[in-house]
Amino acid sequence: MDLEVYREALLRKKQELLGGSGVRPLQATMENNSRQGDMADQASGNNEVHIALKLRQTDAKILQAIEDALQRVEKGTYGSCRDCGHPIADARLKAIPWTRVCINCKEKQKA
Ligand SMILES: [Zn+2]
């Protein structure tokens, strides 16, 4: 496993979250709506607002998870499941670099 790759992915995502507070996409959408009145544009505009709001609610959580993950990179414990201690699959880490648990434990949480 290439820790540096994951560290960069985490840092990039962190910058993305800090830089894009969700305000800019929302404003852009509102400008679009005032300029273009047809139904299709309004529908997609509303959808974007909804997504932007939903993202902002989870941003703080993800940010915290990213901070934790970066600390684990520093400590050398990154990539191990918090619950069972087994290595987390690379594919899962690539998809969600800040994840704390392996897919098995995630499934158990849901059940
Ligand atoms: Zn596990």
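Parameters at a glance
Residues numbered from 1 in each chain as written. Predicted model: local features only at pLDDT ≥ 70, side-chain atom pairs only at ≥ 80, totals over all residues. Heavy atoms only, no water. Helix = DSSP H or I, 4+ residues; strand = E, 2+ residues; numbered from the N terminus. Buried < 20%, exposed > 50% of the residue type's maximum accessible area, 1.4 Å probe, protein only. Contact = heavy atoms within 4.5 Å. Areas by Shrake-Rupley, 256 points an atom, 1.4 Å probe, with all protein chains shown as cover. Donors = N, O, S within 2.8 Å, 3.2 Å for Na, K, Ca; no water. Expected span 1.5 Å × (residues − 1). Arc of directions from axis to C-beta. Lys, Arg positive; Asp, Glu negative; His and termini not counted. Salt bridge = Lys/Arg side-chain N within 4 Å of Asp/Glu carboxyl O.

Looking now at the overall build of the chain. On a plain count of helices and strands, the chain comes out with 5 helices and 0 strands. Along the chain, helices and strands appear, N-terminal first, in the series α-α-α-α-α. Across the 111 residues that make up the chain, the buried fraction comes to 27%. A fraction of 55% describes how many contacts in the chain between residues 6 or more apart in sequence connect residues 24 or more apart. Total accessible area computed for the chain in this model is approximately 7700 Å², and 54% of it derives from carbon and sulfur atoms.

This part takes up the coordination of the zinc ion. Within the protein, the zinc ion binds to C81 (SG), C84 (SG), C102 (SG) and C105 (SG); these donor distances fall in the range 2.2 to 2.3 Å. Look at where the donors of the zinc ion fall in the sequence and you get C-x2-C-x17-C-x2-C. Of the two residues, C81 is situated in the loop between α3 (39-75) and α4 (90-95) and C105 in helix α5 (residues 103-110); the sequence distance between them amounts to 24 residues. Grouping residues by exposure puts C81 and C105 together as buried.

This next bit is on helix α1 (residues 3-19). Taking 1.5 Å per residue, 17 residues should reach 24 Å; α1 reaches 24 Å between its end C-alpha atoms and fits that length. Along α1, the residues classified as buried are Y6, A9, L10, K14 and L17. All buried residues of α1 lie within an arc of 135° about the axis, which places them on one face of the element. Within α1, the exposed residues directed more than 90 degrees away from the buried face are R12, Q15 and E16.

Among the residues examined, C105 registers a relative accessible area of 5% and is labelled buried. Sequence-wise, C105 and R82 are 23 residues apart; in three dimensions their C-alpha atoms are separated by 8.9 Å. Ignoring any residue separated from it by four or fewer positions in sequence, one finds C105 in contact with C81, D83 and C84.

Structurally, R72 is set in helix α3. There is no salt bridge for the buried R72, and the closest opposite charge comes from D68, which lies 5.2 Å off by N-O distance. Setting aside its immediate chain neighbours within four residues, R72 contacts T77, Y78, W98, T99 and R100.

This next bit is on the pattern of salt bridges. Applying the stated criterion across every chain, the model contains 6 salt bridges. The partner of K14 in a salt bridge is E67, with the nearest N and O atoms 3.0 Å apart. Of this pair, K14 sits in helix α1 while E67 is found in helix α3, placing the two residues 53 residues apart along the sequence. With its nearest N and O atoms 3.6 Å apart, the salt bridge here joins E107 to K110. With E107 and K110 both in helix α5 and 3 residues apart, this pair spans about one turn of that helix.

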